[in-house]
Amino acid sequence: AASLVWTVWRCGRVLHAKLRSGTASVSAGASRRPLPCPLLLMCVSAAVTFAAFWFLLPFQQPRFAWGPMVLVILCGAAILRLLRGLAVVVLLLTVVIFVVFFAHEGPALPSGVGWAWLALLVLAVVWATKSRPQFFVVTMPAWLPALFFTVVMVATVGGKDVRAATMARPNWRMLGAAWAWVDHNLHGARIAYVGNNVPYFLCGQRLENHVFYVPARRPADGCYHDFAMLPQTRAIGPPDMSGPACDRYVMDPQEWLENLMALRVDYVFVSALLPGLLPSYRHDAEGFTIEREWLDVLCQASPKARPIAQLQVFAPGSVRLYKLDLSVPMPPGLHLRRVVQDETDALARLRQDRTPPGQPIRDYPLARRVIDEEGLRPLIDLPTRR
């Protein structure tokens, strides 16, 4: 946000002399001053940035809106310099934005966030009342990062335990007990995870653990685009969901074990899929992916041998932590099922099978509720899919 404001200010200074005379008056009543070009450009850029964030980017979540929201506050202060009567309206809009974007965060909202918003509001009022705000704007790239750094450090040292508060929140309670156990018992461990997209807490309180997502195909350290560009992936066709699980279209348990061994993984953290992932990932009746089935088989052993995996289940049963010993040879007779998909996601399967409304979708038994609640529909008709 600071860099964008700085760029707009510098460009505005160049164009200011030529455009100032042609700029329309904003206030037709008390004030006849034209809107300065830098403020005009800054307000337009804030609106465009926010619109692009919300309507164009494929993944919108409130925590990613900090940049556009800071721009909105600063531009609101700029408008207040010309339309002082709008001060109450701008402040009310700021409160509404705060409630809409952050009120649902509940007790896990860091204490520093509230102080940061208060500081921005105070600075906005100062800017709106000062007669010469140029120095305030020009020095923004220096003081704004320093302000947020100070707030974060003070909140971290003197604030409440944000990790514990997050783990206790209702929407993370299914993972909270397992996260807390990892915090207190695993130090310097190498952990693979599957079933959720929140691996941060597995790193431990001091970030001492190494955390991986391990695909069941080569390469072990492949990135998303590596799997998305494979010929086998393209042959299935375009997905119906915005986050297709391209690396999971073909899953070989033997390659998965070799990848785990190559990365020297000590534990595998398997959770039931988060609701938003259910339409994109194949799962069983409890919401677990195929890795849970493989690891449960690996927990079996002959009477005189150690198992390859040892299981620990956390309440309420949605997290299973497997401790691995990959030096143990594979017991004879164990069968690990290979997965080869002919569909991209639950919507493609629904279309292929013509599943009636209200019926569970094959290979995606828990996805129906999410699809119905969010009103998801297949993007491509069955006859045109190749």
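Residues numbered from 1 in each chain as written. Predicted model: local features only at pLDDT ≥ 70, side-chain atom pairs only at ≥ 80, totals over all residues. Heavy atoms only, no water.

## Examining the overall build of the protein chain
Part 1 of the reasoning: On a plain count of helices and strands, the protein chain comes out with 15 helices and seven strands.
Part 2 of the reasoning: The buried share among the 386 residues of the protein chain stands at 43%.
Part 3 of the reasoning: Accessible area for the protein chain stands at about 20800 Å²; split by element, carbon and sulfur atoms hold 64% of it. (Helix = DSSP H or I, 4+ residues; strand = E, 2+ residues; numbered from the N terminus. Buried < 20%, exposed > 50% of the residue type's maximum accessible area, 1.4 Å probe, protein only. Areas by Shrake-Rupley, 256 points an atom, 1.4 Å probe, with all protein chains shown as cover.)

## Section: unusual backbone geometry
Part 1 of the reasoning: Residues Arg218 and Pro219 are joined by a peptide bond in cis, for which omega reads -5 degrees.
Part 2 of the reasoning: Structurally, Pro219 can be placed in the loop between β2 (210-212) and α10 (224-228).
Part 3 of the reasoning: For the bond running from Ala315 to Pro316, omega is 5 degrees, close enough to zero to count as cis.
Part 4 of the reasoning: The phi dihedral of Leu207 falls on the positive side, at around 55 degrees, and the residue is not glycine.
Part 5 of the reasoning: At Asp363, a residue that is not glycine, the phi angle is positive and equals roughly 70 degrees.
Part 6 of the reasoning: Positionally, Asp363 belongs in the loop between α14 (346-353) and α15 (367-374).

## Remarks on the packing of aromatic side chains
Given two aromatic rings, one states the distance between the centres and the angle between the planes to describe the pair.
Part 1 of the reasoning: Inspection of the entire model under this criterion finds six aromatic pairs.
Part 2 of the reasoning: Pairing Trp179 with Phe201 gives two aromatic rings, centres 4.3 Å apart and planes at 25 degrees, and the pair type is stacked. Taken together, the residues Trp179 in helix α9 (residues 173-185) and Phe201 in the loop between β1 (190-194) and β2 connect sequence positions 22 residues apart.
Part 3 of the reasoning: On the basis of relative accessible area, Trp179 is assigned to the buried category, the value being 0%.
Part 4 of the reasoning: Among the aromatic residues, those joined into a ring-pair cluster are Trp172, Trp179, Tyr200 and Phe201. (Phe/Tyr/Trp six-rings, centres within 6.5 Å; stacked < 30°, edge-to-face > 60°.)

## Comments concerning the sheet that holds strand β4 (residues 267-271)
Part 1 of the reasoning: Strand order across the open sheet formed by five strands is β2-β1-β4-β6-β5, with mixed pairing between neighbours. Across the chains shown, the open sheet's two edge strands, defined by having one partner strand only, are β2 and β5 (309-314). Averaged over neighbouring strand pairs, the angle between their axes works out to 25 degrees when direction is ignored.
Part 2 of the reasoning: By the bridge criterion, three bridges tie β1 to β2 in an arrangement that is parallel. Bridging across to β2, Arg190 finds its partner in His210. (Pairing = 2+ DSSP bridges. Axes fitted to C-alpha atoms, helices over the stretch in contact; angles between N-to-C directions.)

## Here's the deal with α15
Part 1 of the reasoning: For α15, the full list of buried residues reads Ala367, Arg368, Val370 and Ile371. Along the long axis of α15, the arc covered by the buried residues comes to 165 degrees, so they all point the same way. Exposed residues on α15 whose side chains face more than 90 degrees from its buried face are Arg369 and Glu373.
Part 2 of the reasoning: In this structure, the buried residues of α15 make contact with α14.
Part 3 of the reasoning: Directly beyond the C-terminal end of α15, a positive phi value near 65 degrees is found at Gly375. (Arc of directions from axis to C-beta. Contact = heavy atoms within 4.5 Å.)

Function cannot be read off these values alone, since they describe shape.
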